[in-house]
Amino acid sequence: MQHSSPRERTPAARARELLDRMTLDEKVQQLVGCIPGAFIDRHGLVADRLEQHLGLGVGHVSNLGLFGHKPPHTIAKTVNGIQRFLVERTRLGIPAIFHNEALSGVVAPGHTLFPAPSALAATFSPDLVRDMARIIGRQLRSIGFTQALAPVMDIARDARWGRFHETYGEDVYLVTSMSVAYTLGLQGTDHAVGAKATAKHFLGYSMTEAGQNMAATAMGPRELYDVHATPFEAAIRMARLGGVMNSYSEIDGVPVGASHQVLTELLRNTLGFTGSVISDYHTIGYLHERHRVADSIGEAGVWAIHAGIDVELPVPLGYGSALAEQVRSGRVPEDLVDRSVLRVLSDKFELGLFEQPYVNEDPIQLASVARQGERLSRDLARRSVTLLQNEGQLLPLDPARVTSVAVIGPHADNVASGIPNYTYPAMVSMLKDILDDTSASIAGTESVDELFPTGAKEQHARELAPIYEVGIDEYLRDAYGAISLTDAVRRRLPSASVVSVRGTGVTPDEPCEPHDAIVAAEQADVVILALGGRAAASGEYITEGEGNDTADLDLPANQIALARAVAATGKPVVAVISMGRPYGLTQLAELAPAMLTSYYAGPEASQAAADVLFGDHNPAGRLPFTLPRASGQVPIYYSQKTGSGYRRTDSDMHHGYLDLDSTPLLPFGHGLSYTVFDYGALELDQQTVSTQGHIVASVTVTNVGSRAGDEVVQLYISDTAPFVTRPGLQLVAFRRISLTPGASERVRFRVPISGLGYTGIDGRFGIDPGPILVSVGASSADLRSQATVNVTGERRLLGRERTYLADGQLDYRG
């Protein structure tokens, strides 16, 4: 009899064969994670602890790269040691999935650090995000990690929420394009070569009451599906998304971690997800401790497995032996456990772990792989820089005419100003607080005993001590080549006098002391204000980050006081703002004729900002979110419904606030350039199309200025529907193009009508016939040309035929 080879059988079939050989105790261990500190000491892996914790196998190993300061080859060696125990010393020889936070690069020492997602979104370059993710996937696999806890697909529209910078912004289409690009890049076409992506946080996590992290999500099913589920569904159907992580929040009174309606009916039955759902850290514990919907941790595990959570992270609380007890007591059917185990085992077979559980340990090769992408990181940082304001054409500064510069503000000499949360340097800072018994605000890190069992705390303190001794700024200089804004200005102006004055801190905890700043400003040709926030999960002087939400979006008052004192000198003022979410910049805009943001663009943020300041790079970043005039406008976003927000109609008696205009300070998609682009008339191939057809629109864009530059050409629609309100404006395509002076390009968009659907009054998703206004321009508020297309035919229901991106959206390389 001829037997098929393992590779010829499907992962699901191989998983079923293996499941049939497993005991209940072995099954439940595939549904949990573990912390490596439980079986590692200063000398390496500890045999008896491995047997104690991994003797029956394990599903996932959590974030190994965080624990200790180890080079890539040492991480790889440790991963191999754990896998070798699992493969050679356990009864069934099932390897583990090692996962890592990889939002802006691998969270482990020695690896390339990329910009934060909100900065990536500002590039409007999804192809480059795909390239970035491909590199991250290669780096993960090289050290034995096979799953990334990224990307964040949350659509963020409430700037009070501290995790805003982890997202791709406010717009459904932009977030979808970036999410699909990241997933395609990370996973590739073969999961045995790429790493599995984990989309998070399903669902509605970014839109909670009062913008507070982990608070209740309040929205109806139409918005939940049409808006917030779209990036997830697109990644599932376009990129074979491998993993999903739940939201910590509740929807309609039910915590997502216990919601069968969200995690099974919506995610699997409607969106078509077939991979594994892994819990955000400590989710099951929170069902008992925080939400208080379960009387015990054991009952919380029952709720979670019924809802559809397959794997509990980071360590077993309601799963593992506790879940086995629930099965034996009859509260959980074993076939429910089998269903989740099959998904986990299928993941492992798909990833090729049974054929290749070990990785190369060569130090030179691994160090080389770890440093891949540095040039791309630099390019992404430059592409992200967004020129917000440039009154009097103050920028670019002419290096030949500038003899003295004062760089003033809390970020003037701050090397870490561009470093976002969920990166290795940020996690090193967080670990210091945990090691010092100071609280950190990342959920799931509350228990030091879980993170650092059996004396591991002291070991990691020893390994990280060299970083803490020199400080995080010096570590960033040495390990990542990061520089401060003052350093970057001095490099560009080696013969000029460049003075740096802090003047104040990031937050009012460090009051404004403007005297030295005023003196420096008076003696300078130009002042560069280095202002903005700090993203972190722990420590002092934080303005955003996980668990660090804010009610007041304005730049801290001490920074405004410093800006006011410097502006009073009458010297030209340029503001460089570090931020990952919308800040209230109304007061600053009155003080600084020129403003730009480099977001949190990683170690290249300061150099990227300096390149724009002195005209070495023509800025073309675009805001991936709306900037409010005041905190009271939040949530404010460009695609507010017709008749709501600042999208009021002419017949509406209400148009704003008593004390404030309802329009934003700066709109979504905004960004200035050092050149000028002219738009021709928008032309449609057909003025009438059926519900089965496409909108094909073309526009000629010409660089009529004197500098080469990039333009982000943005295509929007305005649509109405029977009995259902629609967004006043909706992005449906974009393209970033490069033009030399005098050059033109005809930009052609092909938008499927099947990508313009919505949930109708009957609760079914589809598209209705009727007129659609199509607009093209440089931002959501700078629309240069319009045309109307009439959609004809019967209402078309959209299921699997739904599309998400314009044709070729991920093929362009601007």
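Above this note sits the structure.
This structure is a prediction, so every number in the text was calculated from the model and none was measured.

1. Section: the overall build of the protein chain
1) Next: Within the protein chain, the regular secondary structure consists of 25 helices and 29 strands.
2) Next: At 27 Å, the protein chain has a C-alpha radius of gyration in line with the 28 Å of a compact globule built from 814 residues.
3) Next: Overall, the C-alpha framework of the protein chain stretches about 80 × 70 × 50 Å when taken along its three principal axes.
4) Next: Here the protein chain holds 814 residues, and 64% of them are scored as buried.
5) Next: Within the structure as shown, the protein chain displays about 28400 Å² of accessible surface, and the carbon and sulfur contribution to it stands at 49%.
6) Next: Separation between the mean location of the 70 positive side-chain charges and that of the 92 negative ones in the protein chain comes to 5 Å.

2. Re helix α1 (residues 11-19)
1) Next: Burial in α1 covers these residues: Arg14, Ala15, Leu18 and Leu19. Burial along α1 is one-sided: seen end-on, the buried residues are contained in an arc of 140°.
2) Next: Residues of α1 that are buried make contact with α2 (24-29) and α14 (334-350).

3. A few points about the sheet that holds strand β14 (residues 497-501)
1) Next: On the basis of which strands lie adjacent, the open sheet formed by 6 strands has the order β12-β17-β16-β15-β13-β14 and mixed pairing. Only two strands of the sheet have a single partner each, and these edge strands are β12 (386-390) and β14. Averaged over neighbouring strand pairs, the angle between their axes works out to 15° when direction is ignored.

4. Here's the deal with the pattern of salt bridges
1) Next: With the rule as written, the count across this model stands at 41 salt bridges.
2) Next: Of the charged contacts, one joins arginine 382 and aspartate 611 as a salt bridge, the two residues approaching to 3.1 Å between their closest N and O atoms. Taken together, the residues span a long stretch of sequence, with arginine 382 in helix α16 (residues 374-384) and aspartate 611 in helix α25 (residues 605-613) at a distance of 229 residues.
3) Next: Overall, arginine 382 belongs to the partly exposed group, its relative accessible area being 25%.
4) Next: Among the ionic pairs, aspartate 398 bridges to arginine 401, the shortest N-O distance being 3.7 Å.
5) Next: Overall, the relative accessible area of 71% leaves arginine 401 in the exposed class.
6) Next: One network of salt bridges, with partners in common, ties together Lys196, Arg240, Asp347 and Glu350.

5. Here's the deal with the packing of helix α3 (residues 47-54) against helix α4 (residues 72-89)
1) Next: At a closest axis distance of 11 Å, the pairing of α3 and α4 adopts a crossing angle of 60°. By the angle between their directions, the pair α3 and α4 is classed as oblique. Our pair here, α3 against α4, has a crossing hand that is right-handed. Contact residues: Leu50, Glu51 and Leu54 in α3; Ile82, Phe85 and Leu86 in α4.
2) Next: Its residues assigned to classes, the contact of α3 with α4 shows 5 nonpolar, no polar and 1 charged.

Quick notes on the rules
Residues numbered from 1 in each chain as written. Predicted model: local features only at pLDDT ≥ 70, side-chain atom pairs only at ≥ 80, totals over all residues. Heavy atoms only, no water. Helix = DSSP H or I, 4+ residues; strand = E, 2+ residues; numbered from the N terminus. Rg over C-alpha atoms; globule rule 2.2 N^0.38 Å. Buried < 20%, exposed > 50% of the residue type's maximum accessible area, 1.4 Å probe, protein only. Areas by Shrake-Rupley, 256 points an atom, 1.4 Å probe, with all protein chains shown as cover. Lys, Arg positive; Asp, Glu negative; His and termini not counted. Charge placed at Lys NZ, Arg CZ, Asp CG, Glu CD. Arc of directions from axis to C-beta. Contact = heavy atoms within 4.5 Å. Pairing = 2+ DSSP bridges. Axes fitted to C-alpha atoms, helices over the stretch in contact; angles between N-to-C directions. Salt bridge = Lys/Arg side-chain N within 4 Å of Asp/Glu carboxyl O. Parallel < 35°, antiparallel > 145°, perpendicular 65-115°, else oblique. Left-handed = near helix turned anticlockwise from the far one by under 90°. Nonpolar A, V, L, I, M, F, W, Y, C, P; charged D, E, K, R; others polar.

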